[in-house]
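Remarks on the overall topology
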Amino acid sequence: MAMKNKQAKETIEGKTFIFQHPGLDAALDMRERAKDANGNTSEKELYKEFLEHVVFVEEDGVPQRINIEYFEQFDSIKVFTEVMRKASKFIFR
């Protein structure tokens, strides 16, 4: 089964998040770019990669890119954590 451009939608806290797979090669590149000088994965950098290449939010039926600041509108980091967990599972399953 081809992964590239495969999509999934999840509604979280009333917002529809779209997860789009960038393909295996791009997913591996994202993981590499998120590593620090010692080869450890930086969660913050990996999350930025997800937001750049994988996670979108549907606004008026149109997918929109978002960034970390988008999640400031919620009362809890829980929404951000859930979206990032779902993105990771979607990309690396």
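Given the structure is predicted, the values throughout are model-derived calculations rather than measurements.

About the thresholds
- Residues numbered from 1 in each chain as written.
- Predicted model: local features only at pLDDT ≥ 70, side-chain atom pairs only at ≥ 80, totals over all residues.
- Heavy atoms only, no water.
- Helix = DSSP H or I, 4+ residues; strand = E, 2+ residues; numbered from the N terminus.
- Rg over C-alpha atoms; globule rule 2.2 N^0.38 Å.
- Buried < 20%, exposed > 50% of the residue type's maximum accessible area, 1.4 Å probe, protein only.

Our focus in this paragraph is the overall build of the protein chain. Within the protein chain one finds three helices and four strands. Moving toward the C terminus, one meets the helices and strands of the protein chain in the order β-β-α-α-β-β-α. Here the C-alpha radius of gyration of the protein chain, 13 Å, is about what a compact globule of 93 residues would show, namely 12 Å. The principal-axis extent of the C-alpha atoms belonging to the protein chain is close to 40 × 35 × 20 Å.

For the rest of this paragraph, the subject is unusual backbone geometry. Positioned with a positive phi, Glu-13 is a non-glycine residue whose angle comes to about 50°. As for its placement among the helices and strands, Glu-13 is situated in the loop between β1 (7-12) and β2 (15-20). With relative accessibility at 55%, the residue Glu-13 sits in the exposed group.

Everything listed here is a matter of coordinates, which is why it stays silent on function.
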